[in-house]
Amino acid sequence: MSRFLQRWAVFAGLVVVWELLTWYADDTFFPRPTMIVVAAHDLWFSGPAGDLFLTDTVFDHVFPSIGRLLVGWGVAAVVGISLGVALGRSAAAAEYAGPLLTFMRSIPPPLLVPVFLLVFSVGTTMQLATIIFGVLWPILLNSIDGARSVDATKFETSAVFRIPKPQWILGVVLPSAAPKIFAGLRVSLSLSLVLMVVSELVGTDNGIGSQLLVAQREFDFPDMWAGIILLGVLGYALNTVLLFFERKALAWQPKQERTPATVEEKAV
C-alpha cells in the first residue's frame, strides 16, 4: 500500500508542476490541467443524473470507439491464437507461411487505410479491418513462439497416454504457451488503441479520433488535450484489467515459468 501511495504522490506532484509551468508560460497550445479538467467535465460528465451524468458525447463517440477497439482486438486475438498455435505445432506449415508473415507484418497498418477505404468504404468495417490487421501480428508471433516452446517431456507424456488432439491442444499446448500469448495480447492492446484513433481520423464523424481532429481544427486546445488524456486513461484501465486476468490465468504456474514482469506490470 505504501508503494501505491508513493506512486500516486509522485503523479500528483508532477501534475502540480505541470499546472505551475503552464500557468507561468501562459501558452494557448498548452492549457493548464485545471482547464483540461473543466473541459473534460463539460464534454463527458455534465449530463443528466439518469445517465449517470454522462453526456451525449460519451454515448455517441467514446463508447463506440471503445466498442470498435475491443471487437477488433478480440477478433485479432481469436485468429492470432488459433493460427499461431497451429503454425507453432507444425514445422512444415510455419516454414511455408514464414515469408508471407514476415512480409505482411512489415507493412505499417496506417498505410493500408486507403486500401481498406476502397475495399470496405467508410464506416465501422474499415475501422475494424485497420485495427485487426495491425494488432494481429504480436498475438500471432507470440502464439507461434509459445506453441513451439512446449516442453518435450509433456509432448512425450501425452503421446504415451494417447491423449486426443483437441484435449492435448487445450490441456497442454495452450497452458504452456499462455505466458507468451499474454505478452502478445498486452502489446496488441496498446496498438489497438493507437489504430482505433488512426482509423477514426479518416472519413468518419464519430469516435474519439474524430473528436480530436475537430478540436484541433477549431483550435479548441483544452478539448484536444482532454481527448489525449482520455486515451491515456483508457490505455491504463484496459491494461490493468488485462493484467488482472493474466495473473488469474497464470496463477497455477510456478513464478520461474512466467514471463518476467514488464514495466506496466510493475507500475500497476
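Calculation notes
Residues numbered from 1 in each chain as written. Predicted model: local features only at pLDDT ≥ 70, side-chain atom pairs only at ≥ 80, totals over all residues. Heavy atoms only, no water. Axes fitted to C-alpha atoms, helices over the stretch in contact; angles between N-to-C directions. Helix = DSSP H or I, 4+ residues; strand = E, 2+ residues; numbered from the N terminus. Parallel < 35°, antiparallel > 145°, perpendicular 65-115°, else oblique. Left-handed = near helix turned anticlockwise from the far one by under 90°. Contact = heavy atoms within 4.5 Å. Nonpolar A, V, L, I, M, F, W, Y, C, P; charged D, E, K, R; others polar. Expected span 1.5 Å × (residues − 1). Bend = angle between axes of the 7 residues up to and from the residue. Phe/Tyr/Trp six-rings, centres within 6.5 Å; stacked < 30°, edge-to-face > 60°. Buried < 20%, exposed > 50% of the residue type's maximum accessible area, 1.4 Å probe, protein only.

Caption draft 1: Region of interest: the packing of helix α5 (residues 113-120) against helix α6 (residues 124-148). Running from amino to carboxyl end, α5 crosses α6 at an angle of 140°, the nearest separation of the two axes being 9 Å. One way to sum up the angle between α5 and α6 is to call them oblique. With respect to the hand of their crossing, α5 and α6 are arranged in right-handed fashion. Facing α5, whose interface residues are Val113, Phe116, Leu117 and Phe120, α6 presents Thr125, Met126, Ala129, Thr130 and Phe133. Here the residues of the contact of α5 with α6 are counted per class, giving seven nonpolar, two polar and no charged.

Caption draft 2: Spatial organisation of helix α4 (residues 91-105). With 15 residues, α4 ought to run about 21 Å at 1.5 Å a step, and its terminal C-alpha atoms sit 20 Å apart, in line with that. Along its length, α4 reaches its greatest deviation from straightness, about 45°, at Ala97, and the proline Pro99 lies no more than four positions downstream. Buried residues along α4 sit against α3 (56-88) and α6.

Caption draft 3: Main features of the packing of aromatic side chains. Within the structure shown, the criterion is met by ten aromatic pairs. Look at Phe219 and Phe221: their rings are 6.2 Å apart centre to centre, the planes differ by 65°, and that puts the pair in the edge-to-face class. Judged by relative accessible area, which is 59%, Phe219 ranks as exposed. An aromatic cluster of at least three residues, connected via ring pairs, comprises Phe116, Phe120, Phe133 and Trp137.

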